[in-house]
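If you want the building blocks of each chain, they are given just below.
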Amino acid sequence: MRIDIATLFPEMCDSVLGTSVLGRGIKNGFIEIHTHDIRLYTEDKHRNVDDKPYGGGTGLVMQAQPIYDCIRAIQAQHKTPPRVIYMSPQGETLTQGKVRELAAEDGLILLCGHYEGVDQRVLEELNAEELSVGDYVLTGGELPALIVCDAVARLQDGVLPNEDAYSIESHYNGLLEFPQYSRPEVWRGRTVPEILLCGDHKKVAEWQEQAALEVTRLKRPDMYEKYLSDHAEELAEKAAREAKRAERKRRKEERRQLKGDMNNDEAP
């Protein structure tokens, strides 16, 4: 997969892209991420890329020409047409579901606005989608673009050690992640849950699943209710299996108890 970031501040993005998971993923060839300086495409002799807005108002608006020429130059480097996404507080809110959708693409172009935004005409000309990382305002689109890069890169094959590295995390499967613990076993009188020390992987997995449900119920009841609704049939089947298992265990214990009583009665 290839992601291109069109920005006035490529150095801001480059400082993040070369580190941690993103940096390793790029270095090892699991994902390509390139930054492009929009200012290099301006036709203005003073290298200006913005001007006062029509209709008045404070601030400056990024002009259409340098943005358009930059995006078109990037598109020419792709074998198939990449999706063009403008990072905007007016766009669709980024979710893990949206991240999975974007991660399946061959290429993305992320356009970072600045100042008072960009000329609406270039968004229409490029048929750009708009994407938001939340209902708040930032100085520019660089930080949101980096968030998209990080979230999308994590889902590319090879960037993380295996699917478990992201599939159990919050939001991936509709639940928040279960609580995590590390050494020491006891810290300031607080102990690691005993089940996590038992060595039984099946029991640990069951605890983690239940803990994730409980954490989601307490912290994000909206997510919890949606999860119950979306997985109603699956949860009902699981409850039925657990009820049968509990019934078999009860009957086995009754037979064991009865056999013990009979042995006691036969004893001299």
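Structure first, text after, so check above.
The rules behind each value
Residues numbered from 1 in each chain as written. Predicted model: local features only at pLDDT ≥ 70, side-chain atom pairs only at ≥ 80, totals over all residues. Heavy atoms only, no water. Buried < 20%, exposed > 50% of the residue type's maximum accessible area, 1.4 Å probe, protein only. Helix = DSSP H or I, 4+ residues; strand = E, 2+ residues; numbered from the N terminus. Arc of directions from axis to C-beta. Contact = heavy atoms within 4.5 Å. Pairing = 2+ DSSP bridges. Axes fitted to C-alpha atoms, helices over the stretch in contact; angles between N-to-C directions. Expected span 1.5 Å × (residues − 1). Polar contact = N/O pair within 3.5 Å; in protein donor to acceptor, adjacent residues only side chain to side chain. Patch = residues over 30% accessible without salt bridge, like charges linked within 9 Å, V, L, I, M, F, W, Y side chains within 5 Å. Areas by Shrake-Rupley, 256 points an atom, 1.4 Å probe, with all protein chains shown as cover. Salt bridge = Lys/Arg side-chain N within 4 Å of Asp/Glu carboxyl O. Lys, Arg positive; Asp, Glu negative; His and termini not counted. Charge placed at Lys NZ, Arg CZ, Asp CG, Glu CD. Parallel < 35°, antiparallel > 145°, perpendicular 65-115°, else oblique. Nonpolar A, V, L, I, M, F, W, Y, C, P; charged D, E, K, R; others polar. Core = buried A, V, L, I, M, F, W, Y, C linked by side-chain atoms within 4.5 Å.

What follows is about helix H9 (residues 221-230). Listed in full, the buried residues belonging to H9 are Met223, Tyr224 and Tyr227. Mapping the buried residues of H9 onto a view down its axis gives an arc of 100°, with all of them on the same face. Pointing more than 90 degrees away from the buried face of H9 are the exposed residues Lys226 and Ser229.

Looking at the element boundaries, leucine 108 is found in strand S6 (residues 107-112). As for leucine 108 and cysteine 149, which are separated by 41 residues in sequence, their C-alpha atoms are 9.6 Å apart. With residues up to four places along the chain from it excluded, the contact list for leucine 108 reads Met1, Arg2, Ile3, Asp4, Pro82, Arg83, Ile85 and Leu102.

The subject of this paragraph is the sheet that holds strand S1 (residues 2-7). One open sheet holds the five strands; their spatial order is S2-S1-S6-S5-S7, and the pairing between them is parallel. Only two strands of the sheet have a single partner each, and these edge strands are strand S2 (32-37) and strand S7 (129-132). Between one strand and the next, the sheet's axes are offset by a mean angle of 35°, whatever the strand orientation. When strand S5 (residues 83-93) meets S6, the two strands line up parallel, connected through five bridges. Bridging across to S6, methionine 87 finds its partner in cysteine 112. Along the sheet, helix H1 (residues 10-17) contacts S1 and S2; its crossing angle with S2, the most-contacted strand, is approximately 160°. Docked against the sheet, helix H6 (residues 142-153) engages S1, S2, S5, S6 and S7, running at close to 175° with respect to S1.

Helix length check: helix H8 (residues 201-219), at 19 residues, gives a terminal C-alpha distance of 26 Å against a target of 27 Å (1.5 Å per residue), a fit within 8%. Of the positions making up H8, those classed as buried are Val204, Ala211, Ala212, Leu213, Val215 and Thr216. Each element contacted by the buried residues of H8 is listed here: H9. The residue sitting at the N-terminus of H8 and contributing the capping side-chain oxygen is aspartate 200; that oxygen lies 3.1 Å from the backbone nitrogen of lysine 202.

Moving on, we come to a positive patch on the surface. Together, Lys202, Arg241, Lys244, Arg245 and Arg248 give the surface a local cluster of positive charge. Looking at the positive patch element by element, the count peaks at four residues for helix H10 (residues 232-266). With respect to the helices and strands, lysine 244 occurs in helix H10.

This part is about the packing of helix H4 (residues 96-103) against H6. Across the interface, H4 lies against H6 with an axial gap of 9 Å and an inter-helix angle of 75°. In this view, H4 runs roughly perpendicular relative to H6, as classed from their interaxial angle. Residues Val99, Leu102 and Ala103 of H4 lie in contact with H6, whose contacting residues are Val148, Ala151 and Val152. Its residues placed into classes, the contact of H4 with H6 shows six nonpolar, no polar and no charged.

Across soluble globular proteins, nonpolar side chains show a tendency to be buried alongside one another. Judged by nonpolar contacts, the single largest core of 28 residues is most densely connected at Ile3, Ile5, Ile33, Leu110 and Val148. Only S1, H1, helix H2 (20-27), S5, H4, S6 and H6 provide two or more residues apiece to this core. Sequence-distant contacts of leucine 110, that is, excluding residues within four places in its chain, are made with Ile3, Asp4, Ile5, Ala6, Ile85, Met87, Ala145, Val148 and Cys149. In terms of nonpolar packing, the next biggest core, distinct from the first, is built from 18 residues, Leu8, Ile109, Val122 and Leu123 among them.

Structural measurements only, silent on function.
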